[in-house]
Amino acid sequence: MNIDTLFNDFLSDIRLTENQRKDLKKGHTTLRERLEADPTLSKILISTFLQGSYKRATAIRPAGGKRADVDVIAVTNLDRETVTPDDAITDFIPFMEKHYKGKYRVQGRSIGIELSYVDLDVVITSAPSEIEEEKIYKSASVRSELSLDDFTRSYPWKLSAVWNDADLIKGNTTLNEAIRKAPEWKTEPLWIPDRDAQCWTQTDPLEQIRWTQDKNQKTSGHYVNVVKAVKWMKLEKMADIKHPKGYPLEHMLGDYCPDNITSVGEGVVLSLENFITKTKMYRLLNIVPEFPDRGVPSHNVWKRISTEEFATFYDAVKELAKTARKAYDAPDLADKVKYWRELFGNKFPEPPKQDRAKSLSGTGGDNGGFSERTAPSIVGGSRFA
């Protein structure tokens, strides 16, 4: 056993529980079925699919009594040349009144639904007009309910006409050669009605999912866990710092987490240090760095972050990166755990008693001196494995 085993325990304790995943599934399945069965909306609805941190497997367990949330993309054939953003939202109001009366709110770029057990976000979009694009959004690869946590190297998600979810009952957990060789689709961005800007803006959630899977494979499956760990660190150590959060934070980590990391701890410390190094000049000049969106590079993911918010975040990360470096370089297990717990709080497990005792007595710990485990570690992701 080593520090990676304790990281596995920590990650198991901050990711969504099975009950939370079941609640999310119940919420989004019911919503999607209702949308597609609606006699009025079904005339403009092409398809629905999942996006966001749940789909990309970067969601963490909600804190402070909050509910888990999931985003549902509603792909329509609305003509953005003749339909205004307000009209697009208005088309969905009768549906919301019928099924979610008193539980929904119209937002700038989506409709939020608050249920007792889960939060849902409906993102209305307009698809490119090409018939081929409609075929893509109706495919099993796009409509899959699985998240990137559910896929493996032997059964990766693939945006193609012949891809299907793995058939676990038949033990089919390896992509066959026909699917593996099938060409991947190239998608065009969707269009979102932006009520605040009073225009349609582009978004490409499928490219964000594809990019995340590629990055995760390049980091031997550590990237999504690095994101989860840093999100949790922000909850613990930067609760009063609002931005960046959610996808902007995840995107930044994607840019600065090296591809060849061998552990989550290494990914965390190098991502934080790279952020400090790469954005140091921006901090000195009091400028917010830009992060071009994966699918729509003309969009800056950090455009809503002010110079003051960036400066506050930068200064906080600069200090936390020092602690992460101490944790990563510490020679004995007890000290490693002490520093990681400074970053992640009590969710990060304590070391075995003999290691703590050795550390307190000044004799140092023993990386191999763990006490016998009373429960198995649950390694994150790869639910088919």
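Small disclaimer: the values here were computed from a predicted structure and weren't measured.

Reading the values: the criteria
- Residues numbered from 1 in each chain as written.
- Predicted model: local features only at pLDDT ≥ 70, side-chain atom pairs only at ≥ 80, totals over all residues.
- Heavy atoms only, no water.
- Helix = DSSP H or I, 4+ residues; strand = E, 2+ residues; numbered from the N terminus.
- Buried < 20%, exposed > 50% of the residue type's maximum accessible area, 1.4 Å probe, protein only.
- Contact = heavy atoms within 4.5 Å.
- Areas by Shrake-Rupley, 256 points an atom, 1.4 Å probe, with all protein chains shown as cover.
- Polar contact = N/O pair within 3.5 Å; in protein donor to acceptor, adjacent residues only side chain to side chain.
- Pairing = 2+ DSSP bridges.
- Expected span 1.5 Å × (residues − 1).
- Core = buried A, V, L, I, M, F, W, Y, C linked by side-chain atoms within 4.5 Å.
- Axes fitted to C-alpha atoms, helices over the stretch in contact; angles between N-to-C directions.
- Left-handed = near helix turned anticlockwise from the far one by under 90°.
- Nonpolar A, V, L, I, M, F, W, Y, C, P; charged D, E, K, R; others polar.

### A few points about the overall build of the protein
Scanning the protein from N- to C-terminus turns up 15 helices and seven strands. Each principal axis of the C-alpha atoms in the protein carries an extent, and together these give about 75 × 55 × 40 Å. Residue burial in the protein is summarised as follows: out of 385 residues, 53% are buried. Counting contacts in the protein only where the partners sit at least 6 residues apart, residues at least 24 apart contribute 66% of the total. Of the roughly 18300 Å² that the protein leaves accessible, carbon and sulfur atoms contribute 49%.

### Some words on the side chain of Thr76
One can find Thr76 in strand 2 (residues 69-76). A relative accessible area of 0% places Thr76 in the buried class. At 2.7 Å, the side chain of Thr76 and the backbone oxygen of Thr125 are in polar contact. Once you skip the residues sitting within four places of it in the chain, Thr76 turns out to touch Ile44, Leu45, Ile46, Phe92, Ile124, Thr125, Ser126 and Ala127.

### Some details on unusual backbone geometry
Cis geometry marks the peptide bond from His243 to Pro244; its omega dihedral reads -5°. Turning to its location among the elements, Pro244 is positioned in the loop between helix 9 (223-237) and helix 10 (247-256). Residue Ala57 is not a glycine yet carries a positive backbone phi of 65°. With respect to the helices and strands, Ala57 occurs in the loop between helix 3 (52-56) and strand 2. Classification of Ala57 as buried rests on a relative accessible area of 4%.

### Digging into the pairing of strand 4 (residues 111-114)
Bridge count between strand 3 (residues 104-106) and strand 4: three bridges; the pairing is antiparallel. Its bridge partner being in strand 4, Val106 is matched across the sheet by Ile111. Hairpin geometry of strand 3 and strand 4 is characterised by an intervening segment of four residues between the two adjacent antiparallel strands. Where strand 4 and strand 5 (residues 119-126) come together, four bridges link them in antiparallel fashion. Following the sheet pairing, Ile113 is matched in strand 5 by Leu120. Taken together, strand 4 and the strand that follows it, strand 5, pair antiparallel across an intervening segment of four residues.

### Focus: helix 13 (residues 307-329)
The end-to-end C-alpha distance of helix 13 is 33 Å, a good match for the 33 Å that 23 residues give at a rise of 1.5 Å each. For helix 13, every residue scored as buried is listed here: Phe310, Ala311, Phe313, Tyr314, Ala316, Val317, Leu320, Ala321, Thr323, Ala324 and Ala327.

### What about the nonpolar core?
Counting residues in hydrophobic clusters, the biggest one holds 51 residues, and the most contacted among them are Phe275, Trp302, Trp340 and Phe344. When contributions to this core are tallied by element, the ones reaching two or more residues are helix 1 (3-14), helix 9, helix 10, helix 11 (264-278), helix 13 and helix 14 (333-344). Residue contributions to this core peak at nine residues, all from helix 13. With residues up to four places along the chain from it excluded, the contact list for Phe275 reads Met252, Tyr256, Trp302, Phe310, Phe313, Tyr314 and Val317.

### Examining helix 9
Between the first and last C-alpha of helix 9 there are 21 Å, a value that for 15 residues agrees with the 21 Å anticipated at 1.5 Å per step. Of all 15 residues that make up helix 9, twelve are buried, and the element is covered over most of its length. The set of residues buried in helix 9 consists of Tyr223, Val224, Asn225, Val226, Val227, Lys228, Ala229, Val230, Lys231, Trp232, Met233 and Lys234.

### A word on the environment of Leu270
Mapped onto the elements, Leu270 comes out in helix 11. In this structure Leu270 comes out as partly exposed when scored by relative accessible area, which is 22%. With residues near it in sequence (within four places) discarded, Leu270 still touches Tyr256, Pro258, Ile261 and Arg325.

### Description of the pairing of strand 5
Strand 5 sits mainly inside the fold: seven of its eight residues count as buried. Sheet topology places strand 2 next to strand 5; eight bridges connect them, and they run parallel. Bridge pairing in strand 5 places Asp69 opposite Asp119.

### Side note on the packing of helix 9 against helix 11
One can describe the packing of helix 9 onto helix 11 by two numbers: an axis separation of 9 Å at closest approach and a directional angle of 65°. Regarding helix 9 and helix 11, the two cross each other, and that crossing is right-handed. Of the residues in helix 11, those in contact with Asn225, Val226, Ala229, Val230 and Met233 of helix 9 are Val264, Gly267, Val268, Ser271 and Leu272. Class assignment for the residues of the contact of helix 9 with helix 11 results in seven nonpolar, three polar and no charged.

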